[in-house]
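In case you want the letters, here they are:
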Amino acid sequence: MSPAPKVKKLLNDPDNAVDEMLEGILLAHPDHLVMSDEHHRAIIAKHGPRPGKVGLVIGGGSGHEPTFVGFVGRGLADAAAIGNVFASPPPDPAIACAKAASGGEGVLFMYGNYAGDVMNFDMATEMLAMDDIEARTVLTTDDVAVENLERRRGVAGNFFIFKAAGAACDKMLSFDECERIARKANAHTFTMGVGLTACSLPQTRVPSFELGPEEMEIGLGIHGEPGVRKGPLDTADAVTDEIVDKIFAEMDPEPGEEVAVLVNSLGATPLMELYIVNRRLNQRLKDRDISVHASWVGPYCTSLDMSGMSITLHRLDGELTGLLDHPCDCAMFRAGQ
Amino acid sequence: MSPAPKVKKLLNDPDNAVDEMLEGILLAHPDHLVMSDEHHRAIIAKHGPRPGKVGLVIGGGSGHEPTFVGFVGRGLADAAAIGNVFASPPPDPAIACAKAASGGEGVLFMYGNYAGDVMNFDMATEMLAMDDIEARTVLTTDDVAVENLERRRGVAGNFFIFKAAGAACDKMLSFDECERIARKANAHTFTMGVGLTACSLPQTRVPSFELGPEEMEIGLGIHGEPGVRKGPLDTADAVTDEIVDKIFAEMDPEPGEEVAVLVNSLGATPLMELYIVNRRLNQRLKDRDISVHASWVGPYCTSLDMSGMSITLHRLDGELTGLLDHPCDCAMFRAGQ
Amino acid sequence: MATLNGADFVALFQAIAQMIERERDHLSALDGVIGDGDHGVTMSIGFQAVDKVLANEASGRTPADICMLAAKTFLNAVGASVGPLYATALMRAGAAVKGKSDVGAEDVADIIAAMAAGIEHRGKAEPGQKTMVDAWHPAAEAALGAKAGGSLKDITAAAADAGRAGAEATGSMVAGKGRSANLGDRAVGHIDPGAASAAMILDTIAQWASERAD
Amino acid sequence: MATLNGADFVALFQAIAQMIERERDHLSALDGVIGDGDHGVTMSIGFQAVDKVLANEASGRTPADICMLAAKTFLNAVGASVGPLYATALMRAGAAVKGKSDVGAEDVADIIAAMAAGIEHRGKAEPGQKTMVDAWHPAAEAALGAKAGGSLKDITAAAADAGRAGAEATGSMVAGKGRSANLGDRAVGHIDPGAASAAMILDTIAQWASERAD
Ligand SMILES: Nc1ncnc2c1ncn2[C@@H]1O[C@H](COP(=O)(O)OP(=O)(O)O)[C@@H](O)[C@H]1O
Ligand SMILES: Nc1ncnc2c1ncn2[C@@H]1O[C@H](COP(=O)(O)OP(=O)(O)O)[C@@H](O)[C@H]1O
Ligand SMILES: [Mg+2]
Ligand SMILES: [Mg+2]
Ligand SMILES: [Mg+2]
Ligand SMILES: [Mg+2]
């Protein structure tokens, strides 16, 4: 068997992909984003950080765009620390972000619960303490596919969790309050995804895992890692039902509850399929007497060119609804007002 | 040779894909969109049409989302007529759209220059005349890859052309003015795209054309049709240069000019690659002393799951800049203010 | 000589619809080479819709009314290029036999000619531009040529033969209309999908006619 | 017995970097099965960066300083899981031989043990969790076991053998740390990529030692 042809990508030297992408992002969004003076992988909101405000720093590997850098902007994150593709950023960019985001009231580090990110951001926290900047960490763990609670990953639901925390910071709430809200938003967010094809890294250009022509990965992370299990690919409705059943089992919603919805493309799955999923999702929500306050459908947290999607439900109450509706203006995302 | 495995998609009955998608869209965007009472494939802006305003109706085949339906909303299109996948809508939905969009001052039909769309919308225009609604057509023809001017297609640059026309209508300008502006915006818009892989229809799930592992299609439309020629896949910078050279040759910009930029994904190409392209594009613009007023980078006009991208330059002057910056609030797109 | 009534027209549409189902993937593959890969899908959606509507609503109608109903149904189910083209063709077909409850062999020649004219009018296309006109136009000429004294079988066979030859000839043409017009020389060597399906429709009509006790 | 100076450490890092380049795609493929497919890429980015910095900035430095410089460089070039793990390992390695301008065979045993301890501390991992600790931990024990009176060759060979066996043993383990921890039984049957590269590093050290006139 001859080796499979390499996956085609529009790249120059793949080792420069992340830095060239950042250059392109800064050129496209000069009104929203600036590069930190201290580190070229620390991207700062032009109109975010200000004295008296708790700073919100998000970050993680590249390849998930618009997550993380696209959610930097007034009303959401003050800065994003950018790693290589699917690799946590090292401490230095996180430190540069924290310094830029700091308004003297402390800095929240928020990122997905992955071993690498935890180690790097924890090293950054230790180093910042020496500069008298207190950084606290709120890990996102919205992936309900994983049974072991401590191992739950942060996936597309980051979107809602960052949004709530960003709004809390923008409203100039105290460090304790911002941290409390971030943890609450995380506890109120439930995601599960399926992958139809693997993605491929710029450096390798080969699919990162093997999947049969009638198979899908169920409960996968956002780095092209395999899911918790493989299953047969089914209709959009059946796949939606499988995900919704799992989320409902976890969240156990009461009739009359209100949620916000994210139907997220992992990259290559087009809007047509996402909206077909959203149709079924709404049928299922209606059946449980759950109302939808707002919906986002599209590529919000991707795994490069992977085909597949995830569903997130963000359980609302008065406080979280207010934070969700709070305006934000980011390079790749606007909401509210 | 055994037949290639079918492309995986999240669908139910593929014949229902468009209608199920529309259901999912209406459920996701109830504040922006409603279905016409007269036709289920006519989607109307909730806060668009009003007496005294020229109506703007856009439309075309499905599979290009967020084009066309995502650009329906106040400040942009009043309605979109929705066809089957890659197939012009028939006259009936276009007629329903025109009736809903009509504020008594006439209706603009705007869509890409494809044989099928022209025949169907022209039939709609004839039938509307019997109801005393005057519809005028402005075809979009931004695809500079095609040499024959009459055969130029409307591709991703629709985005800027619809935006200018929508703003003109929203500002309550006269029918003649709106038509003049629409034609001017079209003449000021230049697009060219490349395809790296073919897309596949829900009904067939096989790639619509064959392409070698090191090849790309150059100058392709947005329906998965082949381009004007095949060429070797090159680096992101080289591909960008090839497109920019062609656009510059066509547009012949003067030093000091200002443009708006769209780097559009055809579906599966991720943001990382688009921003790498945007980096090179900005280098080229800077070299010609052309400044960038605003940039959009992402999937704005897609061909289902095709991998590839297009670049659009929208040549600005005082009038077009004002129209571009005019606020709009659509289901899948917001700008201005 | 036998004549055709409304029920015969319904049966004929059914035969065409069944043929298109069989050829669906083949026609889409032809369109993939020089168009957007959906011609089998568009034709299938259209004729399936016609078949369904006629099964429910055609009884008691004249051939002309059935053509009109088929035209409207096809148009609104399909859109695309073929929607207006075949809708116009079928409206003209209906107009050609308006008021008649039975149509004869000569009427069938007129129907084929009317369809060709309708397609040429709607598509603003002429023979030689690598479209379905390259099948319909010679088919119409052949049908009219066989009209005087010709049997239903002769007329439809002449149309089918000419249509088939016309469709095959599109292989060597550069396209002047439709999506493939932008391909230039790249389209040469490939048959136009719309001409191919037109030839198949004409062939189905001829076969259907030859199987009838004439 | 010969001792190692700063230049020897630079050469050793270079040998490791070259080995990683050769194994890059293989390591990524291992990571593709149970992780995110980038382990060869992360290791390559890290050791390439170290190699480049040492080529320019290492001359005249002690082994300890070189380890510190390599740690900082690796960390900031890579991030990921392996950045903090190997950075901590290398900082501990530097601390273990702080101030010495030449290190002997016994120091090398201490270095390997310090690296293992650093990785375990940073990753909060223990043997049996299907990580690089399963290579480094037994390698450290073997190195310390061979330390008393052992030659550089003996010590590094003992570490490499134990590391190789430890990496192979990860094949039958369920993962307790890292990305593959969420795969449960699906990870069984596949070697942990971080353990595999750890064994390769240990092997490179042993080979390099054996090629030296001892
Ligand atoms: N202007 C025209 N006149 C006549 N036939 C045309 C014209 N434009 C397209 N066609 C025919 O339509 C066929 C394509 O139909 P189809 O693929 O179903 O629709 P679409 O082009 O909208 O995808 C072409 O092969 C050609 O025969
Ligand atoms: N907590 C941990 N302790 C020790 N080793 C770990 C830990 N987490 C991950 N690893 C090691 O890191 C390896 C993966 O590294 P790599 O693929 O380079 O980084 P990433 O996981 O960020 O993609 C795993 O194979 C495992 O050996
Ligand atoms: Mg990784
Ligand atoms: Mg089509
Ligand atoms: Mg077609
Ligand atoms: Mg990895």
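Summarised in this report is the structure supplied together with it. (Residues numbered from 1 in each chain as written. Chains lettered and ligands numbered in written order. Predicted model: local features only at pLDDT ≥ 70, side-chain atom pairs only at ≥ 80, totals over all residues. Heavy atoms only, no water.)

### With respect to the overall build of chain C
Here comes step 1: In terms of regular secondary structure, chain C is built from eight helices and zero strands.
Here comes step 2: Reading the helices (α) and strands (β) of chain C from amino to carboxyl end gives α-α-α-α-α-α-α-α.
Here comes step 3: For the C-alpha atoms alone, the extent of chain C along its principal axes is close to 50 × 35 × 30 Å.
Here comes step 4: The 214 residues of chain C split such that 59% are buried.
Here comes step 5: The centroid of the 18 positive side-chain charges in chain C is displaced by 6 Å from the centroid of its 26 negative side-chain charges. (Helix = DSSP H or I, 4+ residues; strand = E, 2+ residues; numbered from the N terminus. Buried < 20%, exposed > 50% of the residue type's maximum accessible area, 1.4 Å probe, protein only. Lys, Arg positive; Asp, Glu negative; His and termini not counted. Charge placed at Lys NZ, Arg CZ, Asp CG, Glu CD.)

### Topic: the overall build of chain A
Here comes step 1: Assigned secondary structure in chain A consists of eight helices and 15 strands.
Here comes step 2: For chain A, the C-alpha radius of gyration of 19 Å lies close to 20 Å, the compact-globule estimate for 337 residues.
Here comes step 3: Relative to all contacts within chain A whose residues are 6 or more apart in sequence, the contacts with residues 24 or more apart total 73%.
Here comes step 4: Total accessible area on chain A is roughly 10700 Å²; 50% of this is exposed by carbon and sulfur atoms.
Here comes step 5: Put simply, chain A has 29 plus and 49 minus side-chain charges, and the middle of one group is 3 Å from the middle of the other. (Rg over C-alpha atoms; globule rule 2.2 N^0.38 Å. Contact = heavy atoms within 4.5 Å. Areas by Shrake-Rupley, 256 points an atom, 1.4 Å probe, with all protein chains shown as cover.)

### Here's the deal with the coordination of the magnesium ion (ligand 5)
All names here are of chain C.
Here comes step 1: Here the magnesium ion (ligand 5) is held by the protein donor atoms Asp31 (OD), Asp36 (OD) and Asp38 (OD), which lie 2.0 to 2.2 Å from it.
Here comes step 2: Of note, the donors binding the magnesium ion (ligand 5) are all from one chain and are spaced D-x4-D-x1-D.
Here comes step 3: In this structure, the magnesium ion (ligand 5) lies 3.5 Å from the magnesium ion (ligand 4), and both are coordinated by aspartate 36. Across the pair, exposure class does not vary: aspartate 31 and aspartate 36 are buried alike. (Donors = N, O, S within 2.8 Å, 3.2 Å for Na, K, Ca; no water.)

### Observations concerning the coordination of the magnesium ion (ligand 6)
Residues and elements named next belong to chain D.
Here comes step 1: Protein-derived ligands of the magnesium ion (ligand 6) are Asp31 (OD), Asp36 (OD) and Asp38 (OD), with the metal-ligand distances lying across 2.0 to 2.2 Å.
Here comes step 2: Along the chain, the residues that donate to the magnesium ion (ligand 6) are spaced as D-x4-D-x1-D.
Here comes step 3: The metal-metal distance between the magnesium ion (ligand 6) and the magnesium ion (ligand 3) is 3.5 Å, with aspartate 36 coordinating both. For the pair aspartate 31 and aspartate 38, one class covers both residues: buried.

### Comments concerning the relation of the copies chain A and chain B
Note on the chain copies: they are related by a rotation about an axis and a translation along it.
Here comes step 1: It takes a turn of 180° to lay chain A on chain B, together with a shift of 0.0 Å along the axis; the resulting RMSD is 0.0 Å. The operation mapping one copy onto its partner corresponds to a two-fold rotation axis. For chain A, the residue whose C-alpha comes nearest the rotation axis is alanine 268 of chain A, separated from it by 2.0 Å.
Here comes step 2: Here 100% of the interface residues in chain A have copies in chain B that are interface residues too; the copies meet face to matching face. (Least-squares fit on C-alpha atoms with pLDDT ≥ 70 in both.)

### Considerations on the site of ligand 2
Here comes step 1: Taken together, 21 residues lie around ligand 2, and Asp36, Asp38, His39, Thr42 and Asp192 of chain D are the ones closest in.
Here comes step 2: Per-site note: the chains with residues close to ligand 2 are chains A and D.
Here comes step 3: Between ligand 2 and the protein, one listed contact pairs an oxygen atom with a side-chain N or O atom of serine 81 of chain D at 3.0 Å.
Here comes step 4: Measuring from an oxygen atom of ligand 2, one finds a backbone N or O atom of glycine 194 of chain D at 3.0 Å.
Here comes step 5: The protein chains hide 96% of the 570 Å² of surface that ligand 2 would expose on its own.
Here comes step 6: When residues of the shell around ligand 2 are traced back to their parent elements, those giving at least two are helix H2 (39-57), helix H4 (82-96) and helix H8 (193-211) of chain D. (Near = heavy atom within 4 Å. Polar contact = N/O pair within 3.5 Å; in protein donor to acceptor, adjacent residues only side chain to side chain.)

### Observations concerning the packing of H4 of chain D against helix H5 (residues 105-123) of chain D
Residues and elements named next belong to chain D.
Here comes step 1: For the pair H4 and H5, interaxial distance at closest approach is 7 Å and the crossing angle is 140°. Judged on the interaxial angle alone, H5 and H4 are oblique. Considering how the two elements wind past one another, H4 and H5 form a crossing that is right-handed. On H5, the residues that touch Pro84, Leu85, Tyr86, Thr88, Ala89, Leu90, Arg92, Ala93 and Ala96 of H4 are Asp110, Ile111, Ala114, Met115, Ala117, Gly118, Ile119, His121, Arg122 and Gly123.
Here comes step 2: Here the residues of the contact of H4 with H5 sort into twelve nonpolar, four polar and three charged. (Axes fitted to C-alpha atoms, helices over the stretch in contact; angles between N-to-C directions. Parallel < 35°, antiparallel > 145°, perpendicular 65-115°, else oblique. Left-handed = near helix turned anticlockwise from the far one by under 90°. Nonpolar A, V, L, I, M, F, W, Y, C, P; charged D, E, K, R; others polar.)

### Description of the interface of chain A and chain B
Here comes step 1: Taken together, the contact between chain A and chain B spans 56 residues of the former and 56 residues of the latter.
Here comes step 2: In this assembly, chain A packs against chain B so that about 4700 Å² is buried in total across both faces, 63% of it on carbon and sulfur atoms.
Here comes step 3: Inspection of the region where chain A meets chain B yields four salt bridges.
Here comes step 4: Close ionic contact of glutamate 23 of chain B with arginine 279 of chain A constitutes a salt bridge, the shortest N to O distance being 3.2 Å.
Here comes step 5: Mapped onto the side of chain A that touches chain B, the elements with two or more residues apiece are helix H1 (17-28), helix H6 (236-251), helix H7 (271-287), strand E12 (291-298) and strand E15 (334-335) of chain A.
Here comes step 6: For the side of chain A that touches chain B, a count of residues per class yields 30 nonpolar, 14 polar and twelve charged. (Buried area = accessible area lost by both parts, 1.4 Å probe. Salt bridge = Lys/Arg side-chain N within 4 Å of Asp/Glu carboxyl O.)

### Some thoughts on the sheet that holds strand E14 (residues 328-330) of chain B
Residues and elements named next belong to chain B.
Here comes step 1: Taken in spatial order, the three strands of this open sheet run E4-E14-E15, and their pairing is antiparallel. In this open sheet, the two edge strands, each paired with only one partner strand, are strand E4 (73-74) and strand E15 (334-335).
Here comes step 2: Bridge count for E14 against E15 is two bridges, and the pairing is antiparallel. The residue of E15 that forms the bridge with cysteine 328 is alanine 335. (Pairing = 2+ DSSP bridges.)

### A look at the sheet that holds strand E9 (residues 215-218) of chain B
Residue and element names in this part refer to chain B.
Here comes step 1: Taken in spatial order, the six strands make up an open sheet running E10-E9-E8-E13-E11-E12, and their pairing is mixed. For this open sheet the edge positions go to strand E10 (229-232) and strand E12 (291-298), each flanked by a neighbour on one side alone. Across this sheet, the average inter-strand angle for adjacent strands is 20°, counted without regard to direction.
Here comes step 2: Note: strand E8 (residues 189-197) against E9, two bridges, orientation antiparallel. Note on E9: the bridge partner recorded for valine 194 is isoleucine 218.

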